[in-house]
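Chains, contacts and geometry: an overview
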Amino acid sequence: MGEHEVSRRAVFLDRDGVLNRPVVREALPFPPANVREFELYPDVAEGCRLLKEAGFLLIVVTNQPDVGRGTQTRESVEAMHVVLRTAVPSLDGIEVCFHAGSRHGDPCDCRKPKPGMLLQAAERHSLDLTRSFLVGDRWRDVDCAHTAGCRAVFIDHGYREPLQEKPDFTVASFREAVETILQNHLSESAGRH
């Protein structure tokens, strides 16, 4: 592996609540049930384009436990990802955990807050996780980022769900997350010269 490959950076992106609007019930987020409910935030394609131009790989990392629990089909999730890839062609990959979770008798190493999806992507793409970011809107994303060695950018939508760990950055929107990452990237680049 060459030196240039070791320093590859990524922005890992949670899906629901970061790239698309979640379904919010009683101040808690849920994934859209089908492709008709799948609505991207308006600034996502442009924000991803800017991150890509700055040299980041863009990898979606999403828990979709409803598939493992039998309340959503894999085909429905994959249909949403076709829409996502079409609208945001700058994405380099989509990692999905379909496991139901330990409480449902389906434990795994990939369901956030565990870092399995990030570790697999890092190996596949030769990424330096310490120079990468994870953008998420839930405590699982923040904890996953820290466990993997990434910086956590938390989009605070005001859910009725406390954080377990303090994120590196807290923002109010995807656009602010992109600006924060780009500012951090520029200041790091200036510090190396």
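The structure contained in this document is the topic of the report that follows. Computed from a prediction, not measured in an experiment: that's the story for all the values here. (Residues numbered from 1 in each chain as written. Predicted model: local features only at pLDDT ≥ 70, side-chain atom pairs only at ≥ 80, totals over all residues. Heavy atoms only, no water.)

**Describing unusual backbone geometry**
In plain terms, the rule: What counts as a helix is a DSSP run of H or I of at least four residues, what counts as a strand is a run of E of at least two, and both are numbered from the N terminus. Burial classes: relative accessible area under 20% of the type maximum marks a residue as buried, over 50% as exposed, and values in between as partly exposed (1.4 Å probe, protein chains only).
Of the consecutive residues Lys 112 and Pro 113, the connecting peptide bond is found in the cis state with omega at 25 degrees. Position of Pro 113 among the secondary structure elements: in the loop between β5 (93-97) and α5 (116-125). Unusually for a residue other than glycine, Glu 26 sits at a positive phi of about 55 degrees. Checked against the element boundaries, Glu 26 lands in the loop between β2 (23-25) and β3 (28-30). On the basis of relative accessibility, which here comes to 69%, the residue Glu 26 falls in the exposed class. For Ala 27, which is not a glycine, the phi torsion comes out positive at approximately 65 degrees.

**Quick notes on the packing of aromatic side chains**
Stated formally: Note on ring pairs: Phe, Tyr and Trp rings are taken, using the six-membered ring of Trp, and paired if centres are within 6.5 Å. Classes follow the plane angle, with under 30 degrees stacked, over 60 edge-to-face and the rest tilted. Charge-over-ring placement is defined geometrically: NZ (Lys) or CZ (Arg) within 6 Å of the ring centre, and within 35 degrees of the ring normal.
Going through the model one piece at a time under the given rule, you end up with 2 aromatic pairs. Their ring planes at 70 degrees and their centres at 6.1 Å tell us that Phe 56 and Phe 133 sit as a pair that is edge-to-face. In this pair, Phe 56 is assigned in the loop between α2 (44-53) and β4 (57-63) and Phe 133 in strand β6 (residues 133-136), connecting sequence segments 77 residues apart. On the numbers, 6.4 Å between centres and 40 degrees between planes, the contact of Phe 133 with Phe 169 is tilted. Of the two residues, Phe 133 sits in strand β6 while Phe 169 sits in strand β8 (residues 169-171), which places them 36 residues apart along the sequence. The partly exposed category is assigned to Phe 169, whose relative accessible area is 23%. Sitting above the plane of the Phe 30 ring, Arg 25 keeps its charged end 4.1 Å from the centroid. Its end group placed over the ring of Phe 98, Arg 74 keeps NZ or CZ at 3.9 Å from the ring centre.

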